[in-house]
Amino acid sequence: MALLTFKGGIHPDDGKSLAKDKAIVEVKPKGDLVYPVSQHIGAPANPVVAVGDHVLKGQMIAEAGGFVSAPIYASVSGTVKAIAPHLNPTGGRVNSIVIENDGEYKEVEYPEVTPLEDMSKEDILNAIGTAGVVGMGGAGFPTRVKLSPKEPEKIDYIIANCAECEPYITADYRTMIETPEKLVGGMKIILRLFDNAKGIFGVEDNKPDCIEKLKELTKDEPRIEVMALKTKYPQGGERQLIYATTGRAINSAMLPADAGCVVDNVATMVSVYQAVVEGKPSMERVVTVSGDAVAEPGNFRVPFGINQQELVEAAGGFKTEPEKLISGGPMMGFSMFSLDVPVTKTSSSILGFTKDEVAKMEPSACINCGRCVEACPSRLIPSRLADYAEHHDEEKFTKHEGLECMECGSCSFVCPAKRPLKQAIGSMRKIALANRRKKK
C-alpha cells in the first residue's frame, strides 16, 4: 500500500543519526533560571511572586493572564531574584521571572490525584489548564483552549503529530522509544473529551521501531490507529499531517477543528498525561542538542528556565566554534546570536554548525525553473510572491494567496538561484496580516 503523504515537499539531509541513538539524559541546572511570562500564544502570564520570595519546585509563579494564556511554574526551589526584561530565544526582550537556584529541589505537596475514570470532561480540561500545558511543537497554543472547541461533537480525529520532520531533532523520537505508554496515555485522555473521535498516531516511516511500539500498545484499542507516513519535509506541518492522515484540507483562514480535527505533538500529549494522571504541572521537556559543532550530540530532559549555555555544556560543549546557532530546526527555527537565553516550553532543540552556509550564499536572478512551485506544500508560486514582496505590492501578494504560505522554507532550499524566498514572503505575510487586523 502506498504511504500516506501530501503534494510537494523536499528531502533534506536529516542529520538525525547524530543524536537518534542517544538516550535521554536528565540535566540539573547550576545557575539562575529565567522564566519569560510569554511562553505561549495569547496573553502573557501575570507574576504572582515578588522579588525576595522563596519558592518551591512545582509552585505557580505566574498565573494565566486570560482565557488564551497559561500559568508558569517554578522548576526548581530557590529565591526570586528579579522580575525584569530578559532576552528570549527569538531575540526579543520579554518580562521574565529570575529564580536563584538553591540546589535543593524541594517540591510542593501536590493535591491528591482523582482517578481518571472518576473525572468529568470539565475536570480533565481544568487539570490540563491548571498545569500550564501548551503546544510544545513550536506554536505554544494553550492546550486547554485547543481542546475546548465550540462543537466538540463535530471532532472526528485526534491526531498525534509523531512525524518530527525537521532535520537533526530527535527529542520526540527518543520520547516515543523510551516512554511510549505516556504518549498513548495522553491520547486516551484526550479521546475521553470527544465522544465521536478516533485517535491517529501519524509517524514517518523512517521510525519503524516507533511504529511497532505504538501498534503493540494500541492493538486492543478500537478507537486508535497508527499510520505510517512517507518521510518527507514538512510532513509534520499541521495542514500536511491532516491531509495525509484524513484526506481533509484546511487553509490559513481555518482551524483544524473546522475540519473536524485536533492536532497535538508528542511532548504535548505526554504533558497532558503528566498533568491528569500524575497531577504534575508542566515544568520540563526533552531538548535535542546537535549539529556538527557539538562535541557529544544528545537528547536531554531539562527544566524550563535553564540557561541554554548550560545545556550545550551538558553535550560536551562545542568541539569547534560554531558560525551558526539555531533554536529549533534548521528549516523553521530561529537563528541565535547568544546562548544566554532560557529553555522555554517551545524549545525543541539547540543546533550548532561549523559553517553558516546560508550567509555565504550569493542570490542571483530567478531562472524560472519552477522548482519552488514543485516543492511548495501549499501549492503556491513562491518566486512570484517573493517578487511582489520585494516590490512591497501587498495587493498582488494577497491576491495570489500569499497568506497561505506556511513559511516552511522548502522553496528557498530548492532554489538554484539561492534567492531568500521564504524570508521575503514571510516578511510581507507579517505586514499583510498586521494590516488585516487593523481593518477589523
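The rules behind the values
- Residues numbered from 1 in each chain as written.
- Predicted model: local features only at pLDDT ≥ 70, side-chain atom pairs only at ≥ 80, totals over all residues.
- Heavy atoms only, no water.
- UniProt positions renumbered as here; feature names shortened; annotations may be inferred.
- Helix = DSSP H or I, 4+ residues; strand = E, 2+ residues; numbered from the N terminus.
- Buried < 20%, exposed > 50% of the residue type's maximum accessible area, 1.4 Å probe, protein only.
- Disulfide = S-S within 2.5 Å.
- Salt bridge = Lys/Arg side-chain N within 4 Å of Asp/Glu carboxyl O.

- As recorded in an unreviewed UniProt entry, the protein chain goes by Ion-translocating oxidoreductase complex subunit C and comes from Dorea longicatena.
- In the Subunit (unreviewed entry) part of its UniProt record, the protein chain is described as follows: "The complex is composed of six subunits: RnfA, RnfB, RnfC, RnfD, RnfE and RnfG."
- Quoted straight from UniProt, the Subcellular location (unreviewed entry) entry for the protein chain says "Cell membrane".

Quick word on unusual backbone geometry
Link 1 in the chain: Following tyrosine 233, the chain continues into proline 234 via a peptide bond in cis, with omega recorded as 0°.
Link 2 in the chain: Inspection of the secondary structure assignment puts proline 234 in the loop between β11 (224-229) and α6 (238-246).
Link 3 in the chain: Backbone geometry places glutamate 401, a non-glycine residue, at a positive phi of 65°.
Link 4 in the chain: Mapped onto the secondary structure, glutamate 401 falls in the loop between α12 (394-399) and α13 (410-414).
Link 5 in the chain: Here glutamate 401 falls in the partly exposed class, since its relative accessible area comes to 43%.

Quick notes on the state of the cysteines
Link 1 in the chain: Scanning all chains against the criterion turns up zero disulfides.
Link 2 in the chain: Here cysteine 210 is not cross-linked by a disulfide; its sulfur's nearest cysteine counterpart is in cysteine 162, at 8.0 Å.
Link 3 in the chain: Sulfur of cysteine 415: no disulfide; nearest cysteine sulfur belongs to cysteine 369 and is 6.5 Å away.

Here we look at the pattern of salt bridges
Link 1 in the chain: Tallying each qualifying case throughout the model produces 23 salt bridges.
Link 2 in the chain: Its salt-bridge partner being glutamate 204, residue lysine 207 comes within 3.7 Å of it at the nearest N-O pair. Taken individually, lysine 207 and glutamate 204 each receive the classification buried, so the pair is uniform in this respect.
Link 3 in the chain: In this structure, aspartate 387 and arginine 419 form a salt bridge, with 2.8 Å as the shortest nitrogen-oxygen distance. Note that aspartate 387 is positioned in helix α11 (residues 382-390) and arginine 419 in the loop between α13 and α14 (421-439), a separation of 32 residues in sequence.
Link 4 in the chain: Via salt bridges that share partners, Asp387, Glu390 and Arg419 belong to a single interconnected network.

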